[in-house]
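# Report on the structure
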Amino acid sequence: MDPGFGVTSLVTAPWHNWVLTPRGVPVLTRGVPTAVPMGCLCQPDHRICPRPPLLHVPQADRAGVGGQEQILADIGVPRLCWATHPTPRVPQGKVPASSILASAPSDRNLDAWRESGCRTTHCNLEVLQESTLVFLATKPHVLPGVLQEIRPAVGPHHIVVSLAAGVTLQTLQRLLPAGTKILRLMPNLPCVVQAGAMVFARGSGAGDGESALLKNLLSSCGLCEEVPESYINIHTGLSGSGVAYVYLFAEALAEGAVKMGMPSGLASRIAAQTLLGAAKVMLETGEHPAKLRGDVCTPGGTTIHALHQLEKGALRATVMNAVEAATNRACDMAKD
Ligand SMILES: NC(=O)C1=CN([C@@H]2O[C@H](COP(=O)(O)OP(=O)(O)OC[C@H]3O[C@@H](n4cnc5c(N)ncnc54)[C@H](O)[C@@H]3O)[C@@H](O)[C@H]2O)C=CC1
Ligand SMILES: O=C(O)[C@@H]1CCC=N1
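With an unreviewed UniProt entry as reference, the protein is termed Pyrroline-5-carboxylate reductase, source organism Otus sunia. The Subcellular location (unreviewed entry) field of the UniProt record for the protein holds the comment "Cytoplasm".

So, in structure tokens, the structure goes:
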């Protein structure tokens, strides 16, 4: 992870290596743009000052969406942004790129936003001045400083959405003006392919309108549910971080096939398709995974022999421990 990445980040380093082509197609790049610190226009002396990632929607871009007034967005993370505004890849996106303003301390990630047609700045206060809906996507430990910076510019017309793991609504409410409309969101990486799993909770200043707005806006990124705040850290352990456990499992599946003689690329593609298909059956049938697992087992056949090995390795207990560890870590981060 490179802390110098420049865009409002909802995402980790791998996300930031994605760029949008002129045709709006995200491609993965290995190159990292050079960081170019710039002065902040809000500072009288234009001195160089690091700025955190923010997302916003210009007030002028309010418009009717789904029968209600809606802010036409802007987000701190390229992935989420791409899933939210219409592109050839994401025609269902709800926010035009020109309505998105992304703020970050350097140009590193902002280049990708500009390429996708979004506006960018190095000044967080500019975001607050121009926008109504503001996504905060810095690392959790950076967020308190960002909140302190933007606090004077936050008003009753703003809706502030935090993506930071472990940062509670109580902390957000303490660091922003009383009554601010605040929502706490936890997304996951597959938002970038509109297959995300997101949950959010509302703060005391946010009402049904703000909740509906966020849900409507993010529905183009995947599943999005409002939940009690106590579920947010659990979702982080299950899904926000859980995506990484699944990749570990996919890697192990493919490595097993490589060990048995299959070429690596083919093994990886088949591992990915296996996960995708298994997930699709689970979602479409609504069956418990234990039932579906049983359906695959032929008595005395291959699957039960393999499952026996996984049980010897305590796969289920290990994965449960992983979810518990990530959830507890998210809770601990609130105290850091
Ligand atoms: N990566 C993921 O899969 C998920 C991440 N999140 C949350 O999203 C947030 C961002 O995480 P990542 O994208 O992984 O982090 P990152 O390190 O990739 O991005 C952090 C961003 O903060 C900015 N930044 C760094 N130092 C700064 C400073 N001193 N002042 C202002 N801005 C600064 C950088 O420009 C960068 O755009 C975190 O709060 C994380 O908990 C939530 C769900 C999933
Ligand atoms: O690892 C983390 O802290 C973040 C939150 C969920 C996924 N990545």
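Looking only at helices and strands, one finds 13 helices and 12 strands in the protein. The buried share of the protein, reckoned over its 336 residues, is 45%. Contacts spanning at least 24 positions in sequence make up 63% of the contacts within the protein whose residues lie at least 6 apart. With an accessible surface of roughly 16,500 Å², the protein has 61% of that area assigned to carbon and sulfur atoms.

Further remarks concern unusual backbone geometry. Peptide bonds are trans in most cases, and residues, glycine excluded, mostly fall at negative phi. Phi is positive for Gln194, which is not a glycine, with a value near 60°. Note that Gln194 resides in the loop between strand E10 (181–186) and strand E11 (196–202). Positive phi is not limited to glycine here, since Ala314 has a value of about 55°. Relative to the assigned elements, Ala314 resides in the loop between helix H12 (302–312) and helix H13 (315–333). For Ala314, a relative accessible area of 33% translates into the label partly exposed.

Covered by surrounding structure in strand E8 (residues 133–136) are Leu133 and Phe135 together with Val134 and Leu136, the residues of both alternating faces. Inspection of the sheet shows E8 paired to strand E9 (residues 159–162) by four bridges, in the parallel sense. Across the sheet, Leu133 pairs through a bridge with Ile159, a residue of E9.

This next bit is on a nonpolar patch on the surface. Among the surface-exposed residues, Phe249, Leu253, Leu310, Leu315 and Val319 lie close enough to one another that they form a single nonpolar patch of about 360 Å² accessible area. Summarising the element assignment, Leu315 is placed in helix H13. Relative accessible area serves as the criterion here: at 32%, Leu315 is assigned to the partly exposed category.

Summarising burial for E11: six of the seven residues are buried, a large majority. Of the pairings in the sheet, the one linking E10 to E11 comprises four bridges and is antiparallel in character. Looking at E11, one finds that Leu185 is bridged to Phe200. Summarising the sheet, E11 and strand E12 (residues 222–226) pair through five bridges and their orientation is parallel. The partner of Met198 across the bridge, within E12, is Cys224.

Turning to its location among the elements, Leu214 is positioned in helix H7 (residues 208–218). Looking at Leu214, the relative accessible area reads 2%, which means it is buried. With residues near it in sequence (within four places) discarded, Leu214 still touches Phe135, Val161, Leu183 and Phe200.

For the rest of this paragraph, the subject is the site of ligand 2. Taken together, the neighbourhood of ligand 2 is formed by Ala165, Thr236, Gly240 and Ser241. In isolation ligand 2 offers 240 Å² of accessible surface; the protein chains occlude 52% of this area. Split by residue class, the shell around ligand 2 holds one nonpolar, three polar and no charged.

Here the UniProt-annotated "domain: Pyrroline-5-carboxylate reductase dimerisation" (unreviewed entry) positions come out as residues 229–331. Between the end C-alpha atoms of residues 229–331 the distance is 12 Å, and the span holds 84% helix and 0% strand.

So, about the side chain of Thr121. Counting through the fold element by element, Thr121 comes out in strand E7 (residues 119–121). The class of Thr121 is buried, set by a relative accessible area of 7%. Looking at Thr121, its side chain comes within polar contact range of the side chain of Glu126, at 2.8 Å. Setting aside residues up to four positions removed in sequence, Thr121 forms contacts with Leu101, Ala102, Ser103, Ala104, Leu110, Glu126 and Val127.

A few words now on the UniProt feature "domain: Pyrroline-5-carboxylate reductase catalytic N-terminal" (unreviewed entry) in the protein. The feature "domain: Pyrroline-5-carboxylate reductase catalytic N-terminal" (unreviewed entry), as given by UniProt, occupies residues 98–166 in the numbering adopted here. Taken as a whole, residues 98–166 contains 30% helix and 20% strand, while its terminal C-alpha atoms sit 31 Å from one another.

Attention now moves to helix H8 (residues 230–240). Three or more residues of H8 are buried, namely Ile232, Asn233, His235, Thr236, Gly237 and Ser239. At its buried positions, H8 is contacted by E10, E11, helix H9 (242–259) and H13.

Rules of the game
Every chain's residues receive numbers from 1 upward, in the order its sequence appears when written. Chains and ligands are labelled sequentially in the order written, the chains with letters from A and the ligands with numbers from 1. Whole-chain, interface and lining totals are the exception, using all residues; otherwise, since this is a predicted model, local features are given only for residues with pLDDT of at least 70 and side-chain atom pairs are given and counted only at 80 or more. Hydrogens are left out, water is left out, and the side-chain values use all remaining heavy atoms of the structure. UniProt positions are given in the numbering used here, feature names are shortened, and annotations may be inferred rather than shown by experiment. Under the scheme used here, helices are H or I runs from DSSP no shorter than 4 residues and strands are E runs no shorter than 2 residues, and both carry numbers assigned from the N terminus. Each residue's exposure class comes from its accessible area (1.4 Å probe, protein chains only) as a fraction of the maximum for that residue type: buried when under 20%, exposed when over 50%, partly exposed otherwise. In what follows, a contact means two residues having at least one pair of non-hydrogen atoms within 4.5 Å. For the area figures, the Shrake-Rupley method with a 1.4 Å probe applies, and any residue is considered shielded solely by the protein chains shown. Two strands pair if DSSP finds at least two bridges between them. Think of a patch as exposed residues, more than 30% relative accessible area, with no salt bridge, where like charges cluster within 9 Å and nonpolar side chains (Val, Leu, Ile, Met, Phe, Trp, Tyr) cluster within 5 Å. By definition here, a salt bridge exists when the distance from a side-chain nitrogen of Lys or Arg to a carboxyl oxygen of Asp or Glu is within 4 Å. Any residue with at least one heavy atom within 4 Å of a molecule or strand is counted as near it. Here the nonpolar group is Ala, Val, Leu, Ile, Met, Phe, Trp, Tyr, Cys and Pro; Asp, Glu, Lys and Arg are the charged ones; every other residue, Gly included, is treated as polar. N or O atoms closer than or at 3.5 Å make up a polar contact, with two conditions inside protein: a donor-capable atom paired with an acceptor-capable one, and, for residues adjacent in sequence, both atoms drawn from side chains.

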